[in-house]
Every structure is written in structure tokens, then in C-alpha cells.
Amino acid sequence: MWGGGFLTGKAIGLPYDKTTTLAFTAAGNNFELAIAVGVFGVTSGQALAGVAGPLIEVPVLVALVYVSLAGRRLFTAKEPARV
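Residues numbered from 1 in each chain as written. Predicted model: local features only at pLDDT ≥ 70, side-chain atom pairs only at ≥ 80, totals over all residues. Heavy atoms only, no water.

Glancing now at the nonpolar core. By size, the foremost hydrophobic cluster in this structure holds seven residues: Trp2, Phe6, Tyr16, Ala23, Ala27, Leu61 and Leu64. Listing elements by their share of this core, those giving two or more residues are helix H1 (2–11), helix H2 (16–36) and helix H3 (45–71). At three residues, H2 tops the list of elements feeding residues into this core. Beyond its immediate sequence surroundings of up to four residues, Leu61 is in contact with Phe24 and Ala27. (Core = buried A, V, L, I, M, F, W, Y, C linked by side-chain atoms within 4.5 Å. Buried < 20%, exposed > 50% of the residue type's maximum accessible area, 1.4 Å probe, protein only. Helix = DSSP H or I, 4+ residues; strand = E, 2+ residues; numbered from the N terminus. Contact = heavy atoms within 4.5 Å.)

Let us look at the confidence of the model for the protein. On average, the protein scores 77 in pLDDT, and the residues at 70 or more come to 64%. For the protein, per-element mean pLDDT is lowest for H2, which scores 76, and highest for H1, which scores 90. (pLDDT = per-residue confidence, 0-100.)

Further remarks concern H1. Within H1, the full set of buried residues consists of Trp2, Gly5, Phe6 and Gly9. Buried residues along H1 cover an arc of 100° about the axis, so they all sit on one side. In H1, those exposed residues whose orientation departs by more than 90 degrees from the buried face are Leu7 and Ala11. A positive phi of about 85° marks Gly13, the residue just after H1. (Arc of directions from axis to C-beta.)

Take a look at the structure:
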């Protein structure tokens, strides 16, 4: 989801800050859904997903911050050649 959001933002011409926001919003929504299904009971598989989701979410999103920073170079304007 993150990669798709990032590439889509770049493809439609969004600036870096908006593209990164789009990508993290798309990725974060899936984790929130995993937490929401935890209300079905403590012994259910959904509850396990609700607990495991946040434990996985934070390190993955921190790693994606570094990927976003590395992708920032795709948004910088190239300097014209000097004559």
C-alpha cells in the first residue's frame, strides 16, 4: 500500500511532501483496520491481528520514513547544464 501510494503520487505529479503523506496514510489505514477487528473477542484470530498489528506497524513505518527520505531525490529539480 505504501509503495503504491508513493508511486501514484509521483505519477500524478504531486510534490514530495504530499506524495509522502499520501503513502503513509494509505499504509496506516490498513493497520488501523487490523486493530479494529480486535473487538470480536480475546480468543479470536482478529484479536491476535489487533495486537500484532501495532507491534509490526511502528517499525515498518519507521523504515518507510527512511525509504521516503531516499525517494526525495526523485522530486528534486535537476539543475540545467551550464555552458
